[in-house]
Amino acid sequence: MRRLLRSICFVAVACVPLAAGTHSAAEVGDCRPGAIERLHASAPEGFAIYQAIKDKKFFLSWISCGEAQRGLPTAVHESVHYITAEADAFPLVQGGQLKRPHEVSAFFAPQLIAGKFRASDFVTTYLRPGSSSSSSDFPLSAR
């Protein structure tokens, strides 16, 4: 029984380096080039986002060598926000872009919706004509 336990302990200790991962020396130092290659091979749409972003440092800042997916989903996701803000348009998966609609263009004028709320300081301050600067439209600073 002791011999079996000793053998199990030896095997467990011998396998610790394998459980830590199989990263090459290059990946341990800087995994970003390998991560970009992996993105290109595995997710062409994600790689297109990498190609489209002008600030490559922004994209690369989201890569995390300690994660199994290298942070690539987050890098692509956050870069889409970056590109959207920069171009004022949404990048499309198949290429091209869709112009971003005005953020408040579909809202009703505040004075038109004030009656849907119970009377309160909020309604008086922000929605009613006379005391509200935004009763007829949302302020330009919100656009």
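Treat the numbers as computed from the prediction; the structure is a model and nothing was measured.

A. Just the overall build of the chain, in detail. When helices and strands are counted, the chain shows eight helices and two strands. Overall, the chain shows an N-to-C arrangement of helices and strands of α-α-α-α-α-α-β-β-α-α. Split into buried and exposed, the 143 residues of the chain put 21% on the buried side. The contacts of the chain with a sequence gap of at least 6 include a subset with a gap of at least 24, amounting to 41%. Carbon and sulfur atoms provide 60% of the accessible area of the chain, an area that totals close to 10600 Å².

B. Representation of the state of the cysteines within the structure. This model, assessed by the stated rule, comprises one disulfide. Paired through a disulfide, C31 and C65 show a sulfur-sulfur distance of 2.0 Å. Since a negative S-S torsion denotes a left-handed disulfide, the C31-C65 link at about -95° is left-handed. Residue C31 is found in the loop between α2 (25-29) and α3 (32-42), and its partner C65 is found in the loop between α5 (56-60) and α6 (72-87); the two are separated by 34 residues along the sequence. The exposure class assigned to C31 is buried, which follows from its relative accessible area of 2%. The partly exposed category is assigned to C65, whose relative accessible area is 31%.

What counts as what
Residues numbered from 1 in each chain as written. Predicted model: local features only at pLDDT ≥ 70, side-chain atom pairs only at ≥ 80, totals over all residues. Heavy atoms only, no water. Helix = DSSP H or I, 4+ residues; strand = E, 2+ residues; numbered from the N terminus. Buried < 20%, exposed > 50% of the residue type's maximum accessible area, 1.4 Å probe, protein only. Contact = heavy atoms within 4.5 Å. Areas by Shrake-Rupley, 256 points an atom, 1.4 Å probe, with all protein chains shown as cover. Disulfide = S-S within 2.5 Å.

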